[in-house]
Amino acid sequence: MAVNLTDLSLPQLEGLKTQLDQEIEFLTSSIGQLKVVQTKYVEAKDSMNVLNKNNKGKELLVPLTSSMYVPGTLNDVEHVLVDVGTGYYVEKNVGETKAFFKRKIDFLTKQIEKIQPALQEKHAMKQAVIEVMNVKIQQLQQSQQASQMVGPTKA
């Protein structure tokens, strides 16, 4: 059901603009969150390049928390434990792990590409609402000015 924006009153247009603002904020936030997760997968995939035979036996820092590390030695350069979600870890070789991260990155890219047009459509709708609101405000001001000029004059 399509609604002609010019048929809506100023308060209705204001309500529609507020709703569109909320939807735009939600979609923008969703894209931001997807991009954060996507970046983590890209970094994880890139870090797989450290696992090669030349680095076997080398010392490295193992994170215990985001700000605390302990020294360690890289013994197995062919297998890693991958967090596949909800606390489950699966042992995979380097090739399988890279493929896993690539699938995740591709999936997130597709999700972002699905949301992007909806966000652009909401922005366009909001702009149309603002334009109609401005026209209605201008008409209201003109009619008020006209009624003041036509109003009673005292001699």
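Whatever comes next refers back to the structure up there.
Residues numbered from 1 in each chain as written. Predicted model: local features only at pLDDT ≥ 70, side-chain atom pairs only at ≥ 80, totals over all residues. Heavy atoms only, no water.

## Section: the packing of aromatic side chains
Inspection of every chain in the model, using the stated rule, returns two aromatic pairs. On the numbers, 5.8 Å between centres and 45° between planes, the contact of Tyr41 with Phe101 is tilted. One end of the pair, Tyr41, is in helix H1 (residues 10–47); the other, Phe101, is in helix H2 (residues 94–150), and 60 residues separate them in sequence. Taken individually, Tyr41 and Phe101 each receive the classification buried, so the pair is uniform in this respect. By the ring-pair criterion, three or more aromatic residues cluster together here, those being Tyr41, Phe100 and Phe101. (Phe/Tyr/Trp six-rings, centres within 6.5 Å; stacked < 30°, edge-to-face > 60°. Helix = DSSP H or I, 4+ residues; strand = E, 2+ residues; numbered from the N terminus. Buried < 20%, exposed > 50% of the residue type's maximum accessible area, 1.4 Å probe, protein only.)

## Looking at the layout of surface pockets
Space inside the largest pocket adds up to approximately 410 Å³. Within the residue set of the lining of the largest pocket, elements represented by two or more residues are H1, strand S1 (59–65) and strand S3 (79–85). A breakdown of the residues in the lining of the largest pocket according to their chemical character gives 14 nonpolar, one polar and one charged. (1 Å grid on protein atoms, 1.4 Å probe; cavity = no way out; pocket = protein on both sides within 12 Å on 5 of 7 lines; lining within 4 Å. Points joined across faces, edges and corners; volume = space filled by probe spheres on them. Nonpolar A, V, L, I, M, F, W, Y, C, P; charged D, E, K, R; others polar.)

## Some points on H2
Under the 1.5 Å per step criterion, the end-to-end length of H2 is 83 Å for 57 residues, consistent within 8% with the ideal 84 Å. Turning to H2, its buried residues number three or more, namely Val94, Thr97, Phe100, Phe101, Ile105, Leu108, Ile112, Ile115, Leu119, Val129, Val132 and Met133. Residues of H2 that are buried make contact with H1, S3 and strand S4 (88–93). Regarding H2, its N-cap is Asn93, as a side-chain oxygen of that residue lies 3.0 Å from the backbone nitrogen of Gly95 further along. (Expected span 1.5 Å × (residues − 1). Contact = heavy atoms within 4.5 Å. Polar contact = N/O pair within 3.5 Å; in protein donor to acceptor, adjacent residues only side chain to side chain.)

## Notes on the environment of Val42
Mapped onto the elements, Val42 comes out in helix H1. Look at Val42 and you get partly exposed, because its relative accessible area is 32%. Taking the C-alpha atoms as reference points, Val42 and Lys104, 62 residues apart in sequence, are found 9.2 Å from one another.

## A few points about the pairing of S1
In terms of residue burial, S1 counts as a barely covered element, since only zero of its seven residues are buried. Sheet analysis places S1 next to strand S2 (residues 68–73), joined by six bridges and oriented antiparallel. Looking across to S2, one finds that Val62 is bridged to Val70. Hairpin connection between S1 and S2: a loop of two residues separates the two successive antiparallel strands. (Pairing = 2+ DSSP bridges.)

## Quick look at unusual backbone geometry
As a rule of thumb, non-glycine residues mostly have phi less than zero, and peptide bonds are mostly trans rather than cis. Of note in this structure, Thr86 is not a glycine but carries a positive phi near 45°. Among the secondary structure elements, Thr86 is positioned in the loop between S3 and S4. On the basis of relative accessibility, which here comes to 75%, the residue Thr86 falls in the exposed class.

## A word on H1
Between its terminal C-alpha atoms H1 stretches 55 Å, which fits the 56 Å expected from 38 residues at 1.5 Å a residue. What H1 keeps buried is the set Leu13, Leu20, Ile24, Leu27, Ser30, Ile31, Leu34, Gln38 and Tyr41. On its buried face, H1 is in contact with H2.

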